[in-house]
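# An overview of the molecular structure
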Amino acid sequence: MTRVFNFSAGPATLPVPVLEQVRDELLDWRGTGMSVMEMSHRDKPFMSIAAEAEADLREVFGIPANYKVLFMQGGATGQFAAVPLNLLNGRSADYIVNGAWGAKAVKECAKWGKANTAAKPDKFNHVPARDGWKLDGSAAYVHYTPNETIEGVEFQSIPDVGSVPLVADFSSSFLSRPLDVSKFGLIYAGAQKNAGPAGITFVIVREDLLGTCNPAAPSIFDYKSVAENDSMLNTPATFSWYVSGLVTKWVKSEGGLAVIGERNRRKSSLIYDYIDSQSFYANPVAKADRSWMNVVWTLADDKLDADFLKGAVAAGLPGLKGHRAVGGMRASIYNAMPEAGCMALVDYMKEFVRSRG
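Here goes a summary of the coordinates provided. (Residues numbered from 1 in each chain as written. Predicted model: local features only at pLDDT ≥ 70, side-chain atom pairs only at ≥ 80, totals over all residues. Heavy atoms only, no water.)

### Some words on the side chain of E148
Counted only if it meets this: Here a strand is any run of E in DSSP of at least two residues, a helix any run of H or I of at least four, and the numbering for each starts at the N terminus. We call a residue buried when its accessible area falls under 20% of the maximum for its residue type, exposed when it is over 50%, and partly exposed in between, using a 1.4 Å probe and counting protein chains only. Counted as positive: Lys and Arg. Counted as negative: Asp and Glu. His and the chain ends are not counted at all. In the sections that follow, a salt bridge refers to a side-chain nitrogen of Lys or Arg positioned within 4 Å of a carboxyl oxygen of Asp or Glu. Two N or O atoms count as a polar contact when they lie within 3.5 Å, although within protein this holds only if one can serve as hydrogen donor and the other as acceptor, and sequence-adjacent residues are included solely when both atoms are side-chain atoms. Residue contacts follow a heavy-atom distance rule, with two residues in contact if any of their heavy atoms lie within 4.5 Å.
Position of E148 relative to the elements: it lies in strand β5 (residues 147-148). The charged side chain of E148 is buried without a salt bridge, its nearest counter-charge being R330 at 8.5 Å. Among the polar contacts made by the side chain of E148, one reaches the main-chain amide nitrogen of G99 at a distance of 3.5 Å. There is a polar contact of 2.9 Å between the side chain of E148 and the backbone nitrogen of G102. Sequence-distant contacts of E148, defined by excluding residues within four places in its chain, comprise N98, G99, A100, W101, G102, V153 and N294.

Structure below.
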């Protein structure tokens, strides 16, 4: 069997060493005689898996002791509702919108209270300039999406919003570079891009923000209740939790987030540098705001898109079709995508140009 370089935006490619360990442990996890998929989440074997996954995540990020780490379900979309249900507490929230996922988050918040769009560019091809944000100093929180997967726009630094808690949807850039968790009130992320298979959602929340959940909210979305029950208020996504823990261990084995981050920078630069070097392909995003995770581009003639994608699949490079909302191409180069995959993509892009004369 030959593995392809999978550029899917998510669920996405996983580290081969992780997949190999899952394969080896699939039928019998550490002498228990059963798969992790078959274990009770209340028994000691899985409890040890859960505890180890949290400890490793705390170590990799350097998560302060006054933050709870929750393993939830429902993806980022579930958190679009859970965040306002837990944090609004009768106030309003400010949203910085720089792409489609941020727009969905503010729309969901508006169902539960006042959602103020504090910044939103006319076109989602750059991060809105900080001096144009219309923030409310009494807001319950400020929400932003560090990396927008559809448009390929990414914040390259953490915005300063003063004393108002900063909330971020890190779904597509979780574990992709070092991060100062202490600058946030709350971080959430679906696992299925950088951190594991679909099914588990990470929430890292400062303890002082617990305990003000809307009484109408489902208990499963109440951060305080989830924390008090060690993320086992209901049956959790056990297998996804286990695999995500292995991915965190892989990040540690690779040298941690500093090494991972530098590798991700090199990978994206390799593709962007080629795109910028010729005229057949073009990237629409402001250079200062280009995503390390999702590189988007267009062809000089969009009538060639189908041929480009067909040839890419034949070359072992699937998953390059851009999101239906924007078209074009998109290479999602999350942590598990090796530099060799990015090199192979650039080689294919060059060959496609040559084949068109």
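Next comes the rest of the account.
### Here's the deal with the sheet that holds strand β11 (residues 294-299)
Strand pairs in the sheet, formed through backbone hydrogen bonds, run parallel or antiparallel to each other. Condition: Between any two strands, at least two bridges found by DSSP are needed for them to pair. Simply put, an axis is a line fit to the C-alpha atoms, just over the touching stretch for a helix, and the angle between two N-to-C directions goes from 0 to 180 degrees.
An order of β10-β11-β12 is seen for the three strands of this open sheet, with the pairing classed as antiparallel. Two strands lie at the open edges of the sheet, namely β10 (281-282) and β12 (329-332), each paired on one side alone. In this fold helix α7 (residues 257-276) packs onto β10 and β11, with an angle of close to 20 degrees to the strand it touches most, β11.

### With respect to the packing of α7 against helix α9 (residues 339-355)
The test is simple: Note that the term roughly parallel is reserved for angles under 35 degrees, roughly antiparallel for angles over 145, roughly perpendicular for angles of 65 to 115, and oblique for everything else. Following the grouping adopted for this structure description, the nonpolar residues are Ala, Val, Leu, Ile, Met, Phe, Trp, Tyr, Cys and Pro, the charged ones are Asp, Glu, Lys and Arg, and the polar ones are all others, Gly among them.
Axis separation between α7 and α9 bottoms out at 9 Å; the angle between their running directions is 5 degrees. The angle between α7 and α9 places the two elements in the roughly parallel class. For the pair α7 and α9, the contacting residues are R263, R266, K267, L270, I271, Y274 and I275 in the first and E339, C342, M343, L345, V346, M349, K350 and V353 in the second. Per-class residue counts for the contact of α7 with α9 are 10 nonpolar, no polar and five charged.

### Section: unusual backbone geometry
Between G10 and P11 the backbone carries a cis peptide bond, its omega angle lying at 0 degrees. For P11, the location among the structural elements is in the segment before α1 (16-25). Positive phi values are uncommon outside glycine, yet N89 reaches one of about 50 degrees. With respect to the helices and strands, N89 occurs in the loop between α3 (75-87) and β2 (92-96).

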